[in-house]
Amino acid sequence: MDHFALKNKEQLLDLAVRHGTPLYYYDGARVREQYKLFRSFFSFPHVGVHYAMKANYNPTLLRILCEEGCNIDAVSHAEVLLALQVGFRSSDIMYTSNMISDTEMQAVAALGVLFNIDSLSRLEKFGCAFPGSRVCLRFNPEVVTGHHDNVKTGGDETKFGINLRNIDSALAICSQYGLRVVGVHEHAGSGIPETVDMEAGMSAILRLVTLSRFPDLEFVDFGGGFKVLYKPGEKVVDYFTFGASVSAMFSSFCSSFGRELEMRFEPGRFLVAEAGYLLVTVNTLKYNGDRRIVGVDSGFPQLIRPMFYGAYHHITNVSALIRSDVEVERYDVVGNICETGDRFAKDRMISTISEGDILCIHTAGAYGFAMGGVYNLRAMPTEVVIDSTDGVTFVEFVRKGLSAQELIDSVLSK
Ligand SMILES: Cc1ncc(COP(=O)(O)O)c(C=O)c1O
């Protein structure tokens, strides 16, 4: 199967015409499928899935995942509030704090969600403010992995997690304030290319739990990091084999621990990346020497992954597909932002492009809109979610991007 074939090219063109571009389109049914697929990897009976909503906080996608029975991993006060407002219960949400203020700690604690704490300093403050609470402890698994240095969260060069060698200090703080450790957590990185690295992080944390005393433990959380396909020909990770292997590992861990615990994961990208597309219109074709430059009506603040991570996003010329053009040419696809690095693709072979063509940037559902901003005072795009079953659309959610004047109004508002 061609993973990047656009079976819905007419629909994409229609959306671009109806809503204008740039436009984020998300396929709700695909999110449901990904959630079910994710669950099917594991034979262990007690698997908890907490969607890392930092990947995409679109409220319709959150509602879809809520309907499917998914839970939430939130990282800010606003994320917790949004998750509650779209229908998750406080017991469905874990709040993974990082470098938070006392004010944020108080505000989130008032919402009744479980804290996942990643420093001794914050653990001490949390214990002092809320003695006797339930808590999850985030440890640094000391495994360095991820698709780019900026997403590696294990090892010596990261700001995340309590060091494994500080376990005694962490437990001493918990004991001092009567904190009950119900969860232990690790997250090694994002877009992890090899499952052996995920298993190494999981083993490190299970070793820690085995060697220490956690009488109140209910779950072990192994974070996210599940990879998706961004590029034709890229290796597909076999998560079925991984799921079988870690289910067996966790089962045997529970036997030696003496009771059944929940095995928890926090996928972000895996659930939403492939369901998202950024549609843009070509407004400028020009040459710079031999280079064919294609200018589009979006830019890196609307999809920063190519610039931030050097990430590859596949691009299809939807208009050429409709015309059944077969010729391909080499292009640099660039954005409308006043920065040299504002480029979606370099030296990319794409079906012959004309001004006015609609291009589809694939795999844009995770860390796309959510990482966005309004640099150069260009408003974020409109978002559309279409949720359908058996070809029947039952939800079409549109969140309109701001006009230039609305953006200015938000800048000027007090
Ligand atoms: C603590 C934590 N959990 C889960 C995730 C989700 O990662 P991914 O989108 O790679 O699954 C992240 C991503 O940064 C994270 O920091």
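Residues numbered from 1 in each chain as written. Predicted model: local features only at pLDDT ≥ 70, side-chain atom pairs only at ≥ 80, totals over all residues.

(A) Main features of the nonpolar core. Of all hydrophobic cores here, the largest spans 100 residues; its most connected members are Tyr 25, Leu 65, Ile 93, Leu 137, Leu 279, Leu 359 and Ile 361. The element best represented in this core is strand β11 (residues 276-288), accounting for five residues. In this view, Leu 65 contacts Val 31, Tyr 35, Tyr 51, Cys 70 and Leu 271; residues no more than four positions away in its chain are not counted. (Core = buried A, V, L, I, M, F, W, Y, C linked by C-beta atoms within 7 Å. Buried ≥ 20, exposed ≤ 12 C-beta atoms within 10 Å, placed from the backbone. Helix = DSSP H or I, 4+ residues; strand = E, 2+ residues; numbered from the N terminus. Contact = placed C-beta atoms within 7 Å.)

(B) Up close: unusual backbone geometry. A cis amide bond, omega 0°, links Thr 21 with the succeeding residue Pro 22. Checked against the element boundaries, Pro 22 lands in the loop between α1 (9-19) and β1 (23-27). A positive phi angle, near 55°, is found at Met 99, a position not held by glycine. Relative to the helices and strands, Met 99 resides in the loop between β4 (93-96) and α5 (102-109). If you check the backbone angles, Ser 324 has positive phi at about 60° while not being a glycine. Of note, Ser 324 is situated in the loop between α12 (318-323) and β14 (328-334).

(C) Examining the pairing of strand β17 (residues 382-389) more closely. In terms of residue burial, β17 counts as a mostly covered element, since six of its eight residues are buried. Pairing of β1 with β17 involves five bridges; the strand directions are parallel. Bridge pairing in β17 links Tyr 24 to Glu 383. (Pairing = 2+ DSSP bridges.)

(D) Highlighting the domain arrangement of the protein. According to the domain assignment, the protein consists of domain 1 (28-268) and domain 2 (273-412). Look at where the C-alpha atoms of domain 1 and domain 2 centre, and you get two points 32 Å apart. Listed as interface residues are 21 residues of domain 1 and, on the opposing side, 23 residues of domain 2. Of all the secondary structure elements, the ones that give two or more residues to the side of domain 1 that touches domain 2 are α2 (28-40) and α3 (59-68). The residue makeup of the side of domain 1 that touches domain 2, split by class, is nine nonpolar, nine polar and three charged. (Domains from an automatic or database assignment. Nonpolar A, V, L, I, M, F, W, Y, C, P; charged D, E, K, R; others polar.)

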